[in-house]
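What the coordinates show
Here's the letter readout for the chains.
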Amino acid sequence: MQIFWHRDDLRATDNRGLAAAADAVAGDTDGSADSGVLPVFVFDDDVLEYAGDARVRYMLDALDSLRAWYRDHGSDLVVARGDPAAILPDLAAEYGADRVVWNKGYSGLARDRDDRVRGALDDAGVGFESVHDAIFHEPGSITTNAGDPYSVFTYFGRKWHDRPKADPIDAPDAATLADVDGDPLPTIEDLGFSEPDADVEPAGTDHARERLDAFCSDGIYRYDEDRDYPTRDAVSRLSAHLKWGTVGVREVYAATEAARERAEAGAVDVEGFTPEEQVDSIEEFQSQLAWREFYTHVLYFNPEVVTENYKEYENDIQWRDDPEELRAWKRGETGYPIVDAGMRQLRNEAYMHNRVRMIVASFLTKDLQVDWRAGYAHFREHLADHDTANDNGGWQWAASTGTDAQPYFRIFNPMTQGERYDPD
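Residues numbered from 1 in each chain as written. Predicted model: local features only at pLDDT ≥ 70, side-chain atom pairs only at ≥ 80, totals over all residues. Heavy atoms only, no water.

**Things to note about the overall build of the chain**
Using the following cut-off: Secondary structure follows DSSP: runs of H or I at least 4 residues long count as helices, runs of E at least 2 residues long count as strands, and numbering of each begins at the N terminus. Atoms considered for the radius of gyration are the C-alpha atoms alone. The globule rule reads 2.2 Å times the number of residues to the power 0.38. Between buried and exposed lies partly exposed: a residue is buried under 20% and exposed over 50% of the maximum accessible area for its type, with that area taken using a 1.4 Å probe on protein chains only. We call two residues in contact when some of their heavy atoms are within 4.5 Å.
From N to C terminus, the chain includes 17 helices and 5 strands. A compact globule built from 424 residues would reach a C-alpha radius of gyration of about 22 Å, and the chain, at 22 Å, matches this within 12%. C-alpha atoms of the chain, sized along the principal axes, occupy 65 × 55 × 50 Å. The buried share among the 424 residues of the chain stands at 52%. Here the analysis covers contacts within the chain between residues at least 6 apart in sequence; of these, 78% occur between residues at least 24 apart.

Here it is in C-alpha cells:
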C-alpha cells in the first residue's frame, strides 16, 4: 500500500504526486483494504496557527469535494489531526503501507515540516517520495547565466515563457485506490475557528473548472485591457483554487493554450478586440502564472522574507505606529472610496480584486506609512486565497521593499486610481 498525503493539492486530476503513488501500485491492486493508494489529509496545528476563518472554511469545503470524489471511486479520504511527523508513520503501520508520497512544498515552514516527516518515516522503515507538482519549474531551474536565482521578474518571465510546459495528467484509475472508510471531516469549530462573516465562494474541482471555462470563453480575450477594472469581470477568480490546488496549474495553462488556438484561428468574437489583441491578452494572463511562480522561487531561496524586508536599506525604514488609522484602513473607513470599497470587499467576500489590492497596499504603506507586515497579516487572516509567496511578494512590491519593487517615491494616488478604474 502507498499513502498519498494531500496538503494544498486538493484534487485528483493533474496531481503528479497522486499519480506517482497510483503508478507504483498499478497492476498489483486487488481492491482490498491492504492494497492501493490510501489518501490522507492531516490537520497540522503548526499550519492552522497562521490560518483565518475564511481560509479554513474554504479548505474544509475543498476537502469535502475531494472526499466525495474518492467515495465515488470506491475509496475515501482518511483524516487526522496533529503532527504529520508522528501521524504518518502511525498510519503506515496501521494500514501496512510501505511508502508515503506527497507533493513538494516550497515555503520555509513546509520544507522544515517535510524534513521532519522524512526523518520520522526513515526511522520507522517506511519509504517516501516528494514530487514536483505545484509549479511548472522547480526553484533553481530558472537562473541567471551565473546560476543565481533571479531578483527581477522581467528576465525570469522571459525564460519562463520560453521553457516547455508539462501537460496535465489524468486522475488515477479507481482500481488503484484503497478500499477504505474514512472518518467524518471535523467542523470548523472543531478546528478552533468560527464560520466566517464573509460569503466565501464555493471550493472544489468542479467549481474551479466552471471558473476556468467561463474565463477562457470570454474574459481571457480582453484580459490585457480590462483586468485593471474591478467591474468588468475580466479576471479568472482562480486564485483560491490555485492556492488550495483544487485545479492544477497544468490544466489551467492547457486551457489558456486552447484559448490561444481559437483566437489565432479567428474563431472568437469578442467585440472590440482583434485576434492579435486576444492573443496578447492570453499571454498577459500567462504572465500572471509566471509571477506566481517567480514569487514561489523567491520564497524558496529567501524564506526570511515572510517577516523581513527583501531589500536592505542603509537606514531603517521609520514606519508610523497609528492604531486608529490602521483600524480605519481595516474597516474600510478611511474616506477614500476605492480604498474603502476594497477593504469592504475583503471583509464581505474573503477576496479582493488585484488592482484594488495594489491600491490598498500602497495606501497603507505609502500614505499612512504603516509597516507592510501589518497589512500582510490582515490579508492572511481574511483572504480565502492567501498564498504566502504571492501575498508576501505583492505586499513587499507595494512597500518598495521587495523584488522588482517600484521606486520608493512612486505612490498609487487613491483618488486618481479610483477615478480611472472605478469612478462609480
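**Examining the packing of helix α15 (residues 372–382) against helix α16 (residues 388–399)**
Defined as follows: The angle between two axes is taken between their N-to-C directions and runs from 0 to 180 degrees, where each axis is a line fitted to C-alpha atoms and a helix contributes only its stretch in contact. Helix crossings get a hand from a simple test, with the near helix turned counterclockwise from the far one by less than a right angle marking a left-handed crossing and a clockwise turn marking a right-handed one. Amino acids outside the nonpolar list (Ala, Val, Leu, Ile, Met, Phe, Trp, Tyr, Cys, Pro) and the charged list (Asp, Glu, Lys, Arg) are all regarded as polar, and Gly is one of them.
Put simply, α15 and α16 touch, their axes get as near as 10 Å, and they point 145 degrees apart. You can see that α15 and α16 cross each other, and the crossing is right-handed. Only T388, D391, N392, W395, Q396 and A399 of α16 make contact with α15, whose side of the interface consists of W372, G375, Y376 and F379. Tallied by class, residues from the contact of α15 with α16 come to 5 nonpolar, 4 polar and 1 charged.

**Overview of a negative patch on the surface**
Convention followed: Put simply, a patch holds well-exposed residues, over 30% relative accessible area, that have no salt bridge, with like charges counted together within 9 Å and Val, Leu, Ile, Met, Phe, Trp or Tyr side chains within 5 Å. The Shrake-Rupley method, run with a 1.4 Å probe sphere, supplies the accessible areas, and residue values consider only the shown protein chains as cover. By definition, a salt bridge exists where a carboxyl oxygen of Asp or Glu is found within 4 Å of a side-chain nitrogen of Lys or Arg. In this tally, Lys and Arg are treated as positive and Asp and Glu as negative; His is ignored, and so are the chain termini. For charged residues, the charge sits on one atom: NZ in Lys, CZ in Arg, CG in Asp, CD in Glu.
There is a patch of like negative charges on the surface, built from D224, E225, E276, E277 and D280. Taken together, the elements giving at least two residues each to the negative patch come down to α8 (223–226) and α11 (275–301). In terms of residue count, the dominant contributor to the negative patch is α11 (3 residues). Relative to the assigned elements, D280 resides in helix α11.

**Topic: the packing of aromatic side chains**
As a reminder of what qualifies: Stacked, tilted and edge-to-face are the three classes applied to pairs of Phe, Tyr and Trp rings, where Trp contributes its six-membered ring and a pair requires centres within 6.5 Å; stacked means planes under 30 degrees apart, edge-to-face means over 60, and tilted covers the rest. Remark: a charge is flagged as sitting over a ring if the NZ atom of Lys or the CZ atom of Arg is within 6 Å of the ring centre and within 35 degrees of the ring normal.
Inspection of the entire model under this criterion finds 27 aromatic pairs. Summarising the aromatic geometry, the rings of W5 and W102 are spaced 5.4 Å apart at their centres and angled 70 degrees between planes, so their arrangement reads as edge-to-face. Here the residue W5 occupies a position in strand β1 (residues 2–6), and W102 occupies one in strand β4 (residues 99–103), the gap between them amounting to 97 residues. One aromatic cluster is present, built from ring pairs that chain together F153, F156, W291, F294 and Y295. When the ring centre of Y300 is taken as origin, the NZ or CZ atom of R111, which lies over that ring, is 3.8 Å away. The positively charged end of R237 is found above the aromatic ring belonging to Y351, 3.5 Å away from the centroid.

**As for the sheet that holds β4**
This is how it is decided: The criterion for strand pairing is that DSSP finds at least two bridges linking the strands in question.
Taken together, the 5 strands give an open sheet; going across it, the order is β3-β2-β1-β4-β5, and neighbouring strands pair in parallel fashion. Edge strands, defined here as strands with exactly one partner in the open sheet, are β3 (78–81) and β5 (127–131). Each strand of the sheet is rotated relative to its neighbour by a mean of 25 degrees, with strand direction disregarded. Note: strand β2 (residues 37–43) against β3, 4 bridges, orientation parallel. The residue of β3 that forms the bridge with V40 is V78. Sitting on the sheet, helix α4 (residues 84–95) is in contact with β1, β2, β3 and β4, with an inclination near 150 degrees to β2.

**Here we look at the packing of helix α13 (residues 337–349) against helix α17 (residues 414–421)**
Note the threshold: Each angle is binned into one of four classes, with values under 35 degrees roughly parallel, values over 145 roughly antiparallel, values of 65 to 115 roughly perpendicular, and all other values oblique.
Running from N to C, α13 and α17 point in directions that differ by 75 degrees, and their axes come no closer than 7 Å. Accordingly, the angle class assigned to the pair α13 and α17 is roughly perpendicular. Each of P337, I338 and V339 in α13 lies in contact with α17, whose residues at this interface are P414, M415, Q417 and G418.

**As for the environment of E264**
For E264, the location among the structural elements is in helix α10 (residues 249–264). Judged by its relative accessible area of 53%, E264 falls in the exposed class. Expressed as a C-alpha distance, the spacing of E264 and Y408, which sit 144 residues apart in the sequence, is 40 Å.

**So, the pattern of salt bridges**
Summed over the entire model, instances satisfying the criterion amount to 30 salt bridges. Residue R116 pairs with D83 through a salt bridge whose shortest N-O separation is 3.1 Å. Taken together, the residues R116 in helix α5 (residues 108–123) and D83 in the loop between β3 and α4 connect sequence positions 33 residues apart. What makes R116 partly exposed here is its relative accessible area of 37%. A residue is classified by how much of its surface remains accessible, and D83, at 32% relative accessible area, is partly exposed. Put simply, R209 and E251 hold a salt bridge, and the shortest N to O gap is 2.8 Å.

**Some thoughts on the pairing of β1**
Summarising burial for β1: 5 of the 5 residues are buried, a large majority. In β1, alternate side chains face the same way, and those of Q2, F4 and H6 on one face and I3 and W5 on the other are all buried. Pairing between β1 and β2: 5 bridges, direction parallel. When the sheet's bridge partners are listed, Q2 is paired in β2 with V37. As judged from the 4 bridges shared by β1 and β4, these two strands associate in the parallel manner. Bridged to F4 within β4 is V101.

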